[in-house]
Amino acid sequence: MIPIGIEDFEKLRNEGFYFVDKTGLIKDLLLHWGEVNLFIRPRRFGKTLNMSMLRCFFEPGTNQRIFAGLEISREQELCEKYMGKFPVISVSLKSIDAGCYQTAVAMAGKLVNAETRRHADLMESSRLTKQEKEILAALMYSEMQEPELCDSLRVLSELLRKHYGQKVVLLIDEYDVPLARAFANGYYDQMVTLIRCLFGQSLKTNPNLQFAVLTGCLRIARESIFTGLNHLRVLSVLDQQFDAYFGFTDPQVQELLEYYGQLEAYGRVKEWYDGYQFGNTQIYCPWDVMNYCDLLRVQPDAKPQDYWSNTSSNDVIRRLVSYTGNVTVKRELERLVEGEAVFQKVCNDLTYRDLYRSVTNIWSVLLMTGYLTQRGKPDGDALRLVIPNMEIRGIFTEQIMKYFYETVKKDGTAVGQFCEALKNGDAAGVEDQFGRYLKKAVSIRDTFVKKPMKENYYHEILMGLLAYKDTWAVFSNRESGDGYSDILVEMEEEEIGVVIEVKYADDGDLEKGCMKALEQIEKNGYAQQLVDDGMHAVMKYGVACYKKRCRVRIAEC
């Protein structure tokens, strides 16, 4: 069975789901000691499942047979010393999605309540005093205010240590989610203070801590919430240590596909979902691979799909696109979409206030959140950044086109001139206005795509311009005559119809491209549908494009 969305390690192992072995993470954590470890990885790369795995390994009472046959089981000395020997506090902050600070505090309190109730057997402990059990009961059920919440994890770790006689392993998953929500909803300063206090009590001044592991998508600046935490070890996508433990490696993907009889899809999977470089290791997005493999089991000829973008708003790309009034940013974005690299300095220490204050910071966010990845070694203090794969390129192109459509709606005079020229059969006017938009728009073209897809970009630009006229009926790829025309336009009031066929001139010969487009219109009878719909005058436009240049020719009938 394919474990789509299953983040509970024990359930995954007990119920026979496919598991890509990442238990080497446990060995490396124990052999390469760090008291507080922060793993920074993009969303959907297995952070939560790994945290569940850690809890199951260290926590007393877990069925240790779920680790049988896995890499860590071959480390007998480590297993004897550590497996099932340490109490674990495990909380995930990703559910703290509140519109105001008071609600966020209440939600955080409920998380601590639930985690404390997971240790309810301490109420029967002979090692705890009556007063300590009263404190435990309050942690289980009371509604916490800020002072109680800040001290809650430290107090719980103290009670666990006294009961078990061992220091505590503390796991905090998605630590930065409450900060992101707070920033979006206007209570960021309050949340920073709360998280700083909570982490200070549980991570910095906690004698009951064996070690801690935190995960998140962004490293928030040390002065923001990790003040004074000098023993913090940050492990980002740039670090070689632990680089293969989040996401799938190439051999793991091949093994998975072979297991499910889908090895012939390897090329597609690699093109769409590979391409990340964590440290020195090439990594696939596991969420995408598992979803596509699951689809292939019931639909073997299914094309790869975008599974990743639905898990986020993709706002950071929109932020970058909004900077394309800056010609340098525009050119760099175009190079990325073409499959080339850009060199950028990356800042690892940001606060949420800083994320979008400069385009330099946006490049850093794009890297840390998985929209871009590094290639090769750093060049001084700059990284060579690329779009990792076809899936992420699709997210970029979608956001670029959305931004273009929004811009067109605000540019009524120019787009009105384009539409008027089109209606009047003014090919030179259409060419002039279309060419102006091509120069302003972010190009989506060339090295990353095959020729038929190159034409799609220019097609979409034209559709965006034509959408301005809500009194016109505009059809894309509509069946007409003996084929499917690129664009049909019906101006009902004037009874004017327009056929537009777009060609990409690979050799740069725009005139020849226009002639091919007009010949195709005539040969396939694309105008017939317009005549059938009652258009008395029909104009046929051949449009040829090459990079940012265009040519428009018209043939009337």
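Calculation criteria
- Residues numbered from 1 in each chain as written.
- Predicted model: local features only at pLDDT ≥ 70, side-chain atom pairs only at ≥ 80, totals over all residues.
- Heavy atoms only, no water.
- Pairing = 2+ DSSP bridges.
- Helix = DSSP H or I, 4+ residues; strand = E, 2+ residues; numbered from the N terminus.
- Contact = heavy atoms within 4.5 Å.
- Axes fitted to C-alpha atoms, helices over the stretch in contact; angles between N-to-C directions.
- Buried < 20%, exposed > 50% of the residue type's maximum accessible area, 1.4 Å probe, protein only.
- Parallel < 35°, antiparallel > 145°, perpendicular 65-115°, else oblique.
- Left-handed = near helix turned anticlockwise from the far one by under 90°.
- Salt bridge = Lys/Arg side-chain N within 4 Å of Asp/Glu carboxyl O.

## Thoughts on the sheet that holds strand S9 (residues 373–374)
Reasoning step 1: Across the sheet, which stays open at both edges, the 3 strands sit in the order S8-S10-S9 with antiparallel pairing between neighbours. Looking at the sheet topology across the chains shown, the edges are occupied by strand S8 (342–345) and S9.
Reasoning step 2: The sheet contacts of helix H15 (residues 327–337) involve S8 and strand S10 (382–386), and relative to S8 the element is tilted by about 125 degrees.
Reasoning step 3: Across the face of the sheet, helix H16 (residues 359–368) comes into contact with S8, S9 and S10 while running at roughly 105 degrees to S8.

## Quick look at the environment of Gln520
Reasoning step 1: Tracing the chain through its elements places Gln520 in helix H21 (residues 510–524).
Reasoning step 2: Classification of Gln520 as partly exposed rests on a relative accessible area of 21%.
Reasoning step 3: As a C-alpha pair, Gln520 and Thr249 span 271 residues in sequence and 47 Å in three-dimensional space.
Reasoning step 4: Beyond its immediate stretch of four places on either side in the chain, Gln520 contacts Glu501, Lys503 and Tyr526.

## Details of the packing of helix H8 (residues 177–185) against helix H9 (residues 188–204)
Reasoning step 1: Where H8 contacts H9, the axes come no closer than 8 Å and their chain directions differ by 160 degrees. Here H9 runs roughly antiparallel to H8, going by the angle between their axes. For the pair H8 and H9, the sense of crossing is right-handed. Facing H8, whose interface residues are Pro178, Leu179, Ala182 and Phe183, H9 presents Tyr188, Met191, Val192 and Ile195.

## Points about the pattern of salt bridges
Reasoning step 1: Evaluated as defined, the whole model comprises 32 salt bridges.
Reasoning step 2: Here Glu59 ties to Arg55 by a salt bridge, and the two come within 3.0 Å at their closest N and O atoms.
Reasoning step 3: With its nearest N and O atoms 3.5 Å apart, the salt bridge here joins Arg357 to Asp354.
Reasoning step 4: Classification of Arg357 by relative accessible area gives exposed; the value is 59%.
Reasoning step 5: One network of salt bridges, in which partners are shared, links Arg55, Glu59, Glu115 and Arg118.

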